[in-house]
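Fold and contact review
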Amino acid sequence: MTEYGYAGKILWIDLSSGKVATSPTKEYAERFVGGRGVAAKIYWDKAKPGMKASDPENPLIFVSGPTAGFTGIAGSRWQICGKSAADDPDYFSWCNLGGSWGLQLKLAGYDGLVVRGKAERPVYLLIQDDKVEIKDASHIWGKTTFEARDMLKGELGNTARVVTIGPAGENLVSFASILADEDASGAGGLAAVMGHKRLKAVAVRGTGKVTAADPDRLREVAKYIRELVKTTPHWIPQTLTVQPAKRQACWGCSFGCDRKVYQASDGIKGKFFCQAGLFYIMRADKFYGQHNEVPFWATKLCDEYGLNISAVEVVIFWLSRCHKAGVLTDENTGIPLSKMGSREFIDSLVKKTALRQGFGDILARGTLKAAQAVGQGGMAQLGEYLFKQGEKGPYEPRRIPTNALIYAMEPRMPIMQLHEIMDPLYKWLLWYNKTPNGFISTDSFHAIAR
């Protein structure tokens, strides 16, 4: 029943014609599960055979699910779906974001936003309940994600929620990423689709609410989850040992994951956790000989210019191998490869790639195409790092066969499903090695497997 959980409408915007329309969510939601199911059906209906990611008619779909808008159940995550050019050939992909942008779209009265067409000039969308506008974005085109987000919030007020692309998306980098409030980031190559459409950002603010079919039972479920979290050991190593970071839960999540915000010594704050916090830390430690804040700045740079950190990590692995093999040097790339791990290196790499300057234009195509452009020496250094969409495959099925079906059914690395298998395995390894917080014994692990 779409009167419960759902806002009830899908918003359709054509950037070529400027046309704005709505359709009932029930046309999709009563047959397809959740926001992603709705998005997949919309894509299937509207995408033409042989359509490229760069085609104006490629539908870019922003969507939330029926649990968005309710507190205590961590249901307000949202997705962006569409055909992506992050791999060859182009194919349907998605990214999953946290924070609060998806909630605001729901409160504005829409379960999904479908953007088609291509604007003649840079634009952004402003959605405020029933008032939907296509606005000029010339003043924020060329700005970083942080700059564009702050400028729009300065114009519209802090209650507006903004999702935007950076220079990498504008310049059609194959692994460009999208950034929203609370530094919620989305990969999957869909930032380049926004770039093709000349869509810089979407700002949304809603005043509505969502209704549950059984509010009392929903509160009981939320209470049960809170109690369960209190009694379940949860331990994840600190990403940065210089200073503890502050945990930050997404909207409506009463317990949080390991999502953290770090404040640097100069007062700058930002998201810093999980893979985004770990991808540069070992190289920085080796280069400087001690822990420091360079890994934090590496994360900030990628978010600021709009690059997928997982794909950047693969690029760095490949560059490191090429440098050690003598295939690539500081001189023939214009990037200080000999200083890998330094702030100077990551600054040069990110900016040259996002702006497609010099060798960065080759890297912007993705690791595989960059290796092909370099030639046989570059191809020989790809190793085992490259996986779907240029992301590394730490859980890939050649190492862990239980993941084979999960990977086969997804266009990109489905990290949450993979964690359902890997998290207990990791906890069992801690127990086996008699490490503190290792609480899943062999018997417990077998019980989970059964």
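Small disclaimer: the values here were computed from a predicted structure and weren't measured.

Check the secondary structure of the chain and you find 19 helices and 15 strands. The globule rule puts the C-alpha radius of gyration for 450 residues at 22 Å, and the 22 Å found for the chain is close to it. The principal-axis extent of the C-alpha atoms belonging to the chain is close to 60 × 60 × 45 Å. Expressed as a percentage of its 450 residues, the buried residues of the chain come to 52%. By sequence separation, contacts in the chain at least 24 residues apart represent 60% of the contacts at least 6 residues apart. Put simply, the chain shows about 20300 Å² of open surface, and 54% of that area lies on carbon and sulfur atoms. Each charge class in the chain was averaged separately, 57 positive and 46 negative side chains, and the resulting centres sit 1 Å apart.

Inspection of every chain in the model, using the stated rule, returns 11 aromatic pairs. A centroid spacing of 5.7 Å and a plane angle of 45 degrees characterise the contact between Phe62 and Trp101, whose relative ring orientation is tilted. One end of the pair, Phe62, is in strand S3 (residues 60-64); the other, Trp101, is in helix H3 (residues 101-107), with 39 residues separating them in the sequence. The exposure class of Phe62 is buried, given its relative accessible area of 0%. What links up through ring pairs into an aromatic cluster is the set Tyr262, Phe272, Phe296 and Trp297. Positioned above the aromatic ring of Phe146, the side-chain terminus of Lys300 is 4.2 Å from the ring centre. Sitting above the plane of the Trp94 ring, Arg412 keeps its charged end 5.2 Å from the centroid.

Once that is clear, we can look at the sheet that holds S3. Read across the sheet, six strands follow the order S2-S1-S6-S3-S4-S5 without closing on themselves; strand pairing throughout is mixed. Bordering the open sheet on either side are strand S2 (20-24) and strand S5 (91-97), each of which pairs with just one other strand. Averaged over all pairs of adjacent strands, the angle between their axes in this sheet comes to 20 degrees, without regard to strand direction. Taken together, the five bridges between strand S1 (residues 9-14) and strand S6 (residues 112-116) define a ladder with parallel strand orientation. Pairing of Trp12 across the sheet is with Val114, part of S6. Set on the sheet, helix H2 (residues 34-46) makes contact with S1, S3, strand S4 (78-84), S5 and S6; between it and S3 the angle comes to about 155 degrees.

A few words on the sheet that holds strand S15 (residues 269-271). Strand pairing in a sheet relies on backbone hydrogen bonds, with the paired strands running either antiparallel or parallel. The three strands lie next to each other as S13-S14-S15, forming an open sheet whose pairing is antiparallel. The open sheet has two edge strands with one neighbour each: strand S13 (246-247) and S15. Bridging between S13 and strand S14 (residues 260-263) involves two bridges; their strand directions are antiparallel. Pairing of Lys246 across the sheet is with Val261, part of S14. Running at roughly 75 degrees to S15, helix H10 (residues 294-305) makes contact with S14 and S15 of the sheet.

A separate point is the side chain of Lys200. Residue placement: Lys200 occurs in strand S12 (residues 199-205). Polar contacts involving the side chain of Lys200 include one to the main-chain carbonyl oxygen of Ile165, which spans 2.8 Å.

Here the focus is the side chain of Ser348. Looking at the secondary structure, you find Ser348 in helix H13 (residues 343-354). With sequence-adjacent residues up to four places away left out, Ser348 is seen in contact with Gly334, Ile335 and Pro336.

Time to look at the packing of helix H11 (residues 309-324) against helix H15 (residues 367-374). Where H11 contacts H15, the two axes come as close as 10 Å, and the packing angle between them is 25 degrees. Judged by the angle between their axes, H11 and H15 are roughly parallel. For the pair H11 and H15, the contacting residues are Ala311, Val314, Val315 and Trp318 in the first and Thr367, Ala370, Ala371 and Val374 in the second. Here the contact of H11 with H15 is composed, by residue class, of seven nonpolar, one polar and no charged.

Moving on, we come to unusual backbone geometry. Residues other than glycine predominantly adopt negative phi, and peptide bonds predominantly adopt the trans conformation. The step from Asp88 to Pro89 runs through a cis peptide bond, and the omega angle for that step is 10 degrees. Tracing the chain through its elements places Pro89 in the loop between S4 and S5. We note that Arg198 has phi near 60 degrees; this positive angle belongs to a residue other than glycine. What makes Arg198 partly exposed here is its relative accessible area of 29%. Backbone geometry at Lys434 places phi at a positive 55 degrees, although glycine is not the residue there. Mapped onto the secondary structure, Lys434 falls in the loop between helix H18 (415-432) and helix H19 (442-449).

A few words on the pairing of S6. With respect to burial, S6 is a largely interior element, five of its five residues being buried. A two-sided burial pattern is seen for S6, the buried positions comprising Gly112, Val114 and Arg116 on one face and Leu113 and Val115 on the other. Bridge analysis of S3 against S6 gives four bridges, and the strand direction is antiparallel. Following the sheet pairing, Val63 is matched in S6 by Gly112.

Cut-offs applied
Residues numbered from 1 in each chain as written. Predicted model: local features only at pLDDT ≥ 70, side-chain atom pairs only at ≥ 80, totals over all residues. Heavy atoms only, no water. Helix = DSSP H or I, 4+ residues; strand = E, 2+ residues; numbered from the N terminus. Rg over C-alpha atoms; globule rule 2.2 N^0.38 Å. Buried < 20%, exposed > 50% of the residue type's maximum accessible area, 1.4 Å probe, protein only. Contact = heavy atoms within 4.5 Å. Areas by Shrake-Rupley, 256 points an atom, 1.4 Å probe, with all protein chains shown as cover. Lys, Arg positive; Asp, Glu negative; His and termini not counted. Charge placed at Lys NZ, Arg CZ, Asp CG, Glu CD. Phe/Tyr/Trp six-rings, centres within 6.5 Å; stacked < 30°, edge-to-face > 60°. Lys NZ or Arg CZ within 6 Å of the ring centre and 35° of its normal. Pairing = 2+ DSSP bridges. Axes fitted to C-alpha atoms, helices over the stretch in contact; angles between N-to-C directions. Polar contact = N/O pair within 3.5 Å; in protein donor to acceptor, adjacent residues only side chain to side chain. Parallel < 35°, antiparallel > 145°, perpendicular 65-115°, else oblique. Nonpolar A, V, L, I, M, F, W, Y, C, P; charged D, E, K, R; others polar.

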